[in-house]
Amino acid sequence: MGTVDDLMLLIAVIEAGSFSGASRNSGIPKSRLSRRISELETRLGVQLLSRGSRRFSATEAGLAIYERGLKIKAEVDAISAIAEDRMQRPTGALRIACPALISERLVAAFAVSFSTAHPDVKLCLETSNGTFDPKIDHYDLSIHPAQSDGLADCDLVHQKLVTADFCLVASPEVAAMIGKAAGPKDLEGEPGIGWSADGFTSRWQVQDARGETATFNVSARFSASSLAVIHQAALTGLGLARLPRSICEADLARGTLVLPLPAWSPPSITIYALYPSRRSLTLAGRLFVSGLARHLQESMHGSTAGLPPIEGPGQRHEGIDQGAPLRPM
């Protein structure tokens, strides 16, 4: 094997944090990974990794070579993308990170259908805790929810997939404790469940159908970075919560959650696909992004107007302009 191949393995090991983790991610036996890295160290004449029974870390030289290696990896990915485009058939590995609740409720079904339609793609859908990670080099894509200005300083390409309507909900017990609320000011000081996407702020904003906005302070009894946890906390009765309407519709229908202020709702949240650069996104990645946008629109809004269809092998990808570069939104 060549130096570039072994350099890609070094990147995989450093990003995984161990040989065991890299082995799980790549499917390459741990013993072979260790041998290949040792051969690379011999070839380069420097120690790249510090190995110990309780400690694993990259050396200073290893980190420097890793940083340069990322640029080489980007070029290798770009070459693969060019070859894929010429073949017009998506192939290779596609690793995607997605918050657990969004994955289970909205993305998993599409991911399964995508794998069925594209058998030459090895798709891995991994769940994340929902917090934003600006360094996603070990993933091809990251699915992330954010407010309209939440990614303003993000260096990653962020493509809008769908806008999710949110609603202000509470358990029947919490709503009864609050009593009848005529407006946002009547919720001042009531218990609320904080969310990391807004910095766990205790001052919440809501808006009505006319676009008028109002704010009120809640007493944050409980906070979480995961919408799944917030959903469970709301059902348990820990306080007011802001949740995507698509996630709590069934609870509202059953009456396990209610709308304490039906005429007002929190600002919507946009779900984005994040990736380092357009050229590093393979044909499989671009097909996944465009198809997922359609799927999410169908799931949340029941509308597919103007959105690209899910494509099979050999079909031209029309969802993302193949000639014009994508720019962060």
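Just so it is clear, the structure is predicted and the values come from calculations on it, not from any experiment.

Quick notes on the rules
Within every chain, residues take consecutive numbers counted from 1 along the sequence as written. Given that the model is predicted, a residue must reach a pLDDT of at least 70 before its local features are reported, and side-chain atom pairs must reach 80 or more before they are shown or counted; all residues, however, enter totals for whole chains, interfaces and linings. No hydrogens and no water enter the side-chain calculation; it runs on all heavy atoms of the structure. Numbered from the N terminus, helices here are DSSP runs of H or I no shorter than four residues, and strands are runs of E no shorter than two. Exposure categories follow from relative accessible area, calculated using a 1.4 Å probe and restricted to protein chains: below 20% of the type maximum is buried, above 50% is exposed, and the middle band is partly exposed. In what follows, residue pairs with any heavy atoms lying within 4.5 Å of each other are defined as contacts. Accessible surface is estimated by sampling points in the Shrake-Rupley manner with a 1.4 Å probe; for residues, cover comes only from the protein chains shown. Note on terminology: a nonpolar core comprises buried Ala, Val, Leu, Ile, Met, Phe, Trp, Tyr and Cys residues joined through side-chain atoms within 4.5 Å. Each aromatic pair joins two rings of Phe, Tyr and Trp (for Trp, the six-membered one) with centres within 6.5 Å, and gets the label stacked for planes under 30 degrees apart, edge-to-face for over 60, and tilted for any other angle. Any two strands between which DSSP finds at least two bridges are classified as paired. The handedness of a crossover follows from its direction of travel: if, with the strands pointing away from the viewer, the path from the first strand over the helix to the second runs clockwise, the crossover is right-handed. Here the expected span of a helix is defined as 1.5 Å times the quantity of residues minus one. For every element, the axis is a line fit to its C-alpha atoms; helices are fit only across the contacting stretch, and the angle between N-to-C directions ranges from 0 to 180 degrees. Each crossing gets its hand from how the near helix is turned against the far one by less than a right angle, where anticlockwise is left-handed and clockwise is right-handed. Throughout, the ten residues Ala, Val, Leu, Ile, Met, Phe, Trp, Tyr, Cys and Pro are labelled nonpolar, Asp, Glu, Lys and Arg are labelled charged, and all others, Gly among them, are labelled polar. Confidence scores here are pLDDT values: one per residue, from the predictor, ranging 0 to 100. Of the two site types, the cavity is a set of points on a 1 Å grid over the protein atoms alone where a 1.4 Å probe fits but cannot get out, and the pocket is an open set with protein on both sides within 12 Å along at least five of seven lines, each lined by residues with an atom within 4 Å of a point. Grid points are joined across faces, edges and corners, and a volume is the space filled by probe spheres set on the points.

## Concerning the overall build of the chain
Link 1 in the chain: Looking only at helices and strands, the chain features 9 helices and 13 strands.
Link 2 in the chain: Residues classed as buried in the chain amount to 43% of the 329 residues present.
Link 3 in the chain: For the chain, the share of sequence-separated contacts (at least 6 apart) that also reach a separation of at least 24 residues comes to 74%.
Link 4 in the chain: Accessible area for the chain stands at about 16200 Å²; split by element, carbon and sulfur atoms hold 51% of it.

## Some remarks on the nonpolar core
Within soluble globular proteins, side chains that are nonpolar tend to cluster in buried spots.
Link 1 in the chain: By size, the foremost hydrophobic cluster in this structure holds 46 residues, and its most contacted members are L161, I271 and F288.
Link 2 in the chain: The contact partners of I271, leaving out residues within four places of it in the chain, are I102, L106, I143, H144, P145, Q159, K160, L161, V162, L296 and M300.
Link 3 in the chain: Within the second largest apolar cluster, 16 residues are counted, among which are I11, L33, L49 and L70.

## Considering the packing of aromatic side chains
Link 1 in the chain: Applying the stated criterion across every chain, the model contains 6 aromatic pairs.
Link 2 in the chain: Measuring from centroid to centroid gives 6.0 Å for F110 and F114, while their planes differ by 45°, and the two rings are tilted. Placement of the pair is F110 and F114 together in helix α5 (residues 100-117), with a separation of 4 residues, close to one helical turn. Just as F110 is buried, F114 falls in that class too.
Link 3 in the chain: An angle of 65° between the planes, with centres 6.1 Å apart, marks the rings of W204 and F216 as edge-to-face. Here W204 is found in strand β9 (residues 203-207), whereas its partner F216 is found in strand β10 (residues 213-217), with 12 residues between them in sequence. For the pair W204 and F216, a shared accessibility class is recorded, and that class is buried.
Link 4 in the chain: Connected via pairs of aromatic rings, a cluster forms that spans F110, F114 and F288.

## A short note on the pairing of strand β4 (residues 121-128)
Link 1 in the chain: Across 8 bridges, the pairing between strand β3 (residues 92-99) and β4 is parallel. Paired with A93 across the strands is K122, a residue of β4.
Link 2 in the chain: Taken together, β3, α5 and β4 constitute a β-α-β crossover, and its handedness is right-handed.

## Here's the deal with helix α1 (residues 3-16)
Link 1 in the chain: End to end, α1 covers 20 Å across 14 residues, agreeing with the expected 20 Å (1.5 Å per residue, within 8%).
Link 2 in the chain: Every buried residue of α1 is accounted for by D6, L7, L9, L10, I11, V13 and I14.
Link 3 in the chain: Looking one or two residues beyond α1, the residue adopting positive phi is G17, at roughly 85°.

## Section: the packing of α1 against helix α2 (residues 19-26)
Link 1 in the chain: Closest axis-to-axis distance for the α1/α2 pair is 7 Å, and the angle between their directions is 115°. Taken as a pair, α1 and α2 cross one another with a handedness that is right-handed. Taking contact as the criterion, the partners of A12, V13 and A16 in α1 are, on α2, F19, G21, A22 and N25.
Link 2 in the chain: Its residues assigned to classes, the contact of α1 with α2 comprises 5 nonpolar, 2 polar and no charged.

## Digging into the confidence of the model for the chain
Link 1 in the chain: Chain-level pLDDT for the chain is 82 on average; 84% of the residues reach the 70-or-more range.
Link 2 in the chain: Throughout residues 303-329 the model reports pLDDT below 50, and contacts reaching past four residues in sequence, or to other chains, amount to 58 contacts.

## Describing the pairing of strand β5 (residues 141-146)
Link 1 in the chain: Taken across its 6 residues, β5 has 6 buried, putting it largely inside the fold.
Link 2 in the chain: Neither face of β5 is open: one carries L141, I143 and P145, the other S142, H144 and A146, and all of them are buried.
Link 3 in the chain: In this structure, β3 lies alongside β5, joined through 2 bridges in parallel fashion. In the strand pairing of β5, A97 is matched with S142.
Link 4 in the chain: Looking at chain direction, β5 and strand β13 (residues 269-275) are connected through 5 bridges and run antiparallel. Its bridge partner lying in β13, A146 is registered against T270.

## Digging into the layout of surface pockets
Link 1 in the chain: Considered as a void within the structure, the largest pocket measures approximately 1100 Å³ in volume.
Link 2 in the chain: Within the residue set of the lining of the largest pocket, elements represented by two or more residues are α1, α2, α4 (60-87), β3 and β4.
Link 3 in the chain: Here the lining of the largest pocket takes 7 residues from α1, the largest share from any one element.

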